[in-house]
Amino acid sequence: MKKRYNVGLDLSYSGTGVVILGDAEPKAYEFAAGKAHLPVHERVIDLWKQLKRVLPSPDEFDVHIIIEGAAYGAEFNAFILGELNGGIKTLLFTEGFKYELAQPTVVKKYATDSGNAQKTYVAGCVAKKWGFIHPSNNVTDAYVMAKIAEAGLSNVEAELEAQKKAKAKKGRVKTSG
């Protein structure tokens, strides 16, 4: 049986957060995707080279990756960010990596119990819940995604849905008195 590594990727041109869980201590990295003046495809390749240096080999290990999906309604450089995400996902696939997408609301809810939390609040909740502290919000988000990979995305989504139903049921219960 292969050793398992759980990886969180928060893809961004300015600062891609990467966290790898599976050893005694988490491994955390932040990479920029090349120089801003370079063509998009060169920036994607630059980021891929950086990722390849730190990701465990899927030939040697059982590697589960969670990537944060695009936020619906995000307008800032949406097409360029789409090229980054698509390029990295294609390269991951061709190299034999398994990955799943977690929506930003799932990532935030898993860390904070709220799908609409500010980054500083997420960081505080991550520190309190898991003891992980990092100065980069990208790395902190990647840590949450690595924890989701560790738990299993479908398990996390089911857990969050059950919590939502329990809260709704609790809100409908009337007390006498």
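Scoring rules and cut-offs
- Residues numbered from 1 in each chain as written.
- Predicted model: local features only at pLDDT ≥ 70, side-chain atom pairs only at ≥ 80, totals over all residues.
- Heavy atoms only, no water.
- Helix = DSSP H or I, 4+ residues; strand = E, 2+ residues; numbered from the N terminus.
- Expected span 1.5 Å × (residues − 1).
- Buried < 20%, exposed > 50% of the residue type's maximum accessible area, 1.4 Å probe, protein only.
- Arc of directions from axis to C-beta.
- Contact = heavy atoms within 4.5 Å.
- Polar contact = N/O pair within 3.5 Å; in protein donor to acceptor, adjacent residues only side chain to side chain.

S.K.: What is the right way to read helix H4 (residues 119–130) from this model?
M.R.: Since the α-helix packs 3.6 residues into each turn, any two residues three or four apart lie on the same face. For H4, built from twelve residues, the straight-helix expectation of 16 Å at 1.5 Å per residue is met to within 8% by its first-to-last C-alpha distance of 16 Å. Every buried residue of H4 is accounted for by Val122, Cys125 and Val126. Seen along its axis, H4 keeps its buried residues to an arc of 105°; they face one direction. Set apart from the buried face of H4 by more than 90 degrees, the exposed residues are Thr120 and Lys128. The inward-facing, buried residues of H4 contact helix H3 (104–112) and helix H5 (137–151). Following H4 by one or two positions, glycine 131 adopts a phi angle in the positive range, close to 75°.

S.K.: Just checking my understanding: could you explain the side chain of threonine 112 for this structure?
M.R.: You can see threonine 112 is positioned in helix H3. A distance of 2.7 Å separates a polar atom in the side chain of threonine 112 from the backbone oxygen of lysine 108.

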